[in-house]
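# Structural overview
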Amino acid sequence: PVIYLVTPTYRRPEQIPDLTRLAQTLLNVPAVHWIVVEDNSALSPAIASLLKRYGIPHTHLKAQMPEKYKKSKLKPRGVANRNAALDWVRSNCKSGVVYFADDDNTYDIRLFEEMRFTKKVSMWPVGLVTKVGLSSPVVNDKGVVVDFFDGWMANRKFPVDMAGFAVSVQLILEKSDVYMPYVPGHEEDGFLKKLDVSPADIEPKANRCTQIFVWHTQTKSNTPANRTTATGKRYKGTNIDTL
Ligand code: UGA
Ligand code: MN
């Protein structure tokens, strides 16, 4: 089965470094189709050229966050992007698995073989999530998911991170009206509840959720500042589109 890897991304100085790292991870993954969805009014040439250069099978799309959410302090990040990718999957795919892979996380390539044969929904631990440092399903000795461990429960039925689950294309096609909600912090839970998965349906991976193959790393941002060169000329910083 092909893994349809959905990556929402938005313009910032760390964007190309983060996407470069992810591209170089995906070079080591067979049968993957990378769906990169920009939160932008136009496709950026730098990303188009990055995608072309690495030669990973891909689809380059754009989907902007609706204006009304852009002003809010807590934003539903990557939601418009992921929903556009769900539309693309529904019109272009018949089988496979969908994984929502944010551009800044760190992925061990063993993760992709764990998720590849997902029947409905598979789950595994994610490291470095919240101050407790771990988000994971709790699995009993029969291999059934019976609970969840996460630093932020917030009354969620599925207190999991975006990087902690994959869904079969078949289920996404069956539940043709299910999208991710524009509710910050509740995107995963809202989506999984609408897919109508029961805890018994969840396929625990990564050796019964005892191994960590993905980390919720976050790239430190730096406020760009103007500097001068050695001869005193103004230096305005690198142009992130020059690649
Ligand atoms: C956490 C979760 O890991 C995300 O999957 C979830 O979408 C997010 O919280 C949320 O609930 O809002 P976090 O590291 O805080 O993630 O968020 P980011 O990594 O900054 O953003 C998630 C994804 O959306 C990234 O791939 C990012 O490039 C993209 N994004 C972010 C946009 O497309 N537009 C934005 O304005 C911000
Ligand atoms: Mn992130």
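Residues numbered from 1 in each chain as written. Chains lettered and ligands numbered in written order. Predicted model: local features only at pLDDT ≥ 70, side-chain atom pairs only at ≥ 80, totals over all residues. Heavy atoms only, no water.

## Focus: the packing of aromatic side chains
By the definition in use, this model includes nine aromatic pairs. Pairing Y99 with Y107 gives two aromatic rings, centres 6.1 Å apart and planes at 85 degrees, and the pair type is edge-to-face. Among the residues examined, Y99 registers a relative accessible area of 0% and is labelled buried. Given the relative accessible area of 7%, Y107 is considered buried. An angle of 75 degrees between the planes, with centres 6.4 Å apart, marks the rings of Y99 and F112 as edge-to-face. On the criterion of sequence distance, the pair formed by Y99 in strand β4 (residues 97-100) and F112 in helix α5 (residues 110-115) is long-range, its members being 13 residues apart. By the burial criterion, Y99 is buried, and F112 matches it. A network of ring pairs unites the aromatic residues Y99, Y107, F112 and W124 as a single cluster. (Phe/Tyr/Trp six-rings, centres within 6.5 Å; stacked < 30°, edge-to-face > 60°. Buried < 20%, exposed > 50% of the residue type's maximum accessible area, 1.4 Å probe, protein only. Helix = DSSP H or I, 4+ residues; strand = E, 2+ residues; numbered from the N terminus.)

## Observations concerning unusual backbone geometry
The phi dihedral of A31 falls on the positive side, at around 45 degrees, and the residue is not glycine. Along the chain, A31 turns up in the loop between α1 (15-26) and β2 (32-38). Relative accessible area serves as the criterion here: at 41%, A31 is assigned to the partly exposed category. Positive phi outside glycine occurs at L128, with the angle close to 65 degrees. Counting through the fold element by element, L128 comes out in the loop between β7 (126-127) and β8 (134-139).

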